[in-house]
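Residues per chain are reported as follows:
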Amino acid sequence: MTATATATATTTHPTVTLAPPLRRVDSPIGRIELIGNGSAVVSLTIERDGSLPHDGDDERSDAVLDRAAAQLSEYFSGTRTTFDVPVTLCGTEFQREVWARLGELRFGEVTSYGELGLSTGRASAGRAVGGAVGANPVPILIPCHRVLASNNRITGYSGGNGIPTKVWLLNHEGIGHTE
């Protein structure tokens, strides 16, 4: 018994991966880097120590990032108090629940980590709430700077240069706080 092998020719095409849309914006708190997915903003990073994660990459903006950049400029100039650009948030169910609560906060409104925990049904989850707030992928658009300790103290901020960035944002919105 003889076996006959049949060769099949296949053609493979190289996969071209396009870099995601990227836009940078100057602001009073440092440069801001926006990354999108073509239909929403997926990341907002505030410059830390003079650098951004994708400083070496060319900008490739799109309509969503252009709209986000315009709204951020209006926010920093004091003419905008809400954002209506689409965002896509990737995180755990708990993180997304915390971020949804943050998204309900209005300009100049503040909440505490404890209040956030209560609103998610996890009154004793202060550390987890803090972790979720700190993991927010789109600060300012989802206003994690509006979270303070129960005594209105600033306990930290992961965006930009940390507490000085948060102080600027709170002052900009007229939110009373202590450092």
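Residues numbered from 1 in each chain as written. Predicted model: local features only at pLDDT ≥ 70, side-chain atom pairs only at ≥ 80, totals over all residues. Heavy atoms only, no water.

> Help me understand the confidence of the model for the chain, please; the structure alone is not making it clear to me.
Detailed reading of predicted coordinates is not advised where the pLDDT is low. Chain-level statistics for the chain give a pLDDT mean of 91 and a share of 91% at 70 or above. For the stretch residues 1-8, pLDDT sits under 50, and the model shows zero contacts to residues farther than four places along the chain or on other chains. (pLDDT = per-residue confidence, 0-100. Contact = heavy atoms within 4.5 Å.)

> Before we go on, may I ask you to explain the pattern of salt bridges in this structure?
Side chains that carry opposite charge are capable of pairing whenever their charged atoms lie near each other. Here the structure, examined in full by the defined rule, presents eleven salt bridges. Across the salt bridge formed by Glu74 and Arg80, the nearest N and O atoms sit 2.7 Å from each other. Accessibility expressed as a relative area gives 30% for Glu74, which makes it partly exposed. A single salt-bridge network, built from bridges that share partners, covers Arg24, Arg31, Glu33, Glu47, Asp55 and Glu59. (Salt bridge = Lys/Arg side-chain N within 4 Å of Asp/Glu carboxyl O. Buried < 20%, exposed > 50% of the residue type's maximum accessible area, 1.4 Å probe, protein only.)

> Would you take a moment to explain the pairing of strand E2 (residues 32-36) for this structure?
Most of E2 sits out of view: five of its five residues are buried. Of the two faces of E2, the one holding Ile32, Leu34 and Gly36 and the one holding Glu33 and Ile35 are both buried throughout. As paired elements, strand E1 (residues 22-25) and E2 share four bridges and run antiparallel to each other. Residue pairing for E2: Arg24 is matched across the bridge by Glu33. Hairpin connection, E1 to E2: the antiparallel pair is bridged by six residues, and Gly30 has positive phi, about 115°. (Helix = DSSP H or I, 4+ residues; strand = E, 2+ residues; numbered from the N terminus. Pairing = 2+ DSSP bridges.)

> Got a minute to help me understand the nonpolar core in this structure?
Here is a general trend for soluble globular proteins: nonpolar side chains tend to be buried in one another's company. By size, the foremost hydrophobic cluster in this structure holds 34 residues, and its most contacted members are Ile32, Leu34, Val41, Leu72, Leu102, Val133 and Ile140. Here this core gets seven residues from one element, more than from any other, and that element is helix H1 (residues 63-77). Not counting residues within four places of it along the chain, the set of residues in contact with Val41 comprises Leu34, Ile35, Gly36, Val64, Leu65, Ala68, Val85, Pro86, Val87, Thr88, Val138 and Leu141. Ranked by size, the runner-up nonpolar core spans five residues in total, among them Leu148, Val167, Leu170 and Ile175. (Core = buried A, V, L, I, M, F, W, Y, C linked by side-chain atoms within 4.5 Å.)

> How should I be thinking about the side chain of Asp62 in this particular structure?
Relative to the helices and strands, Asp62 is located in the loop between strand E3 (41-46) and H1. Among the polar contacts made by the side chain of Asp62, one reaches the main-chain amide nitrogen of Val64 at a distance of 3.2 Å. (Polar contact = N/O pair within 3.5 Å; in protein donor to acceptor, adjacent residues only side chain to side chain.)

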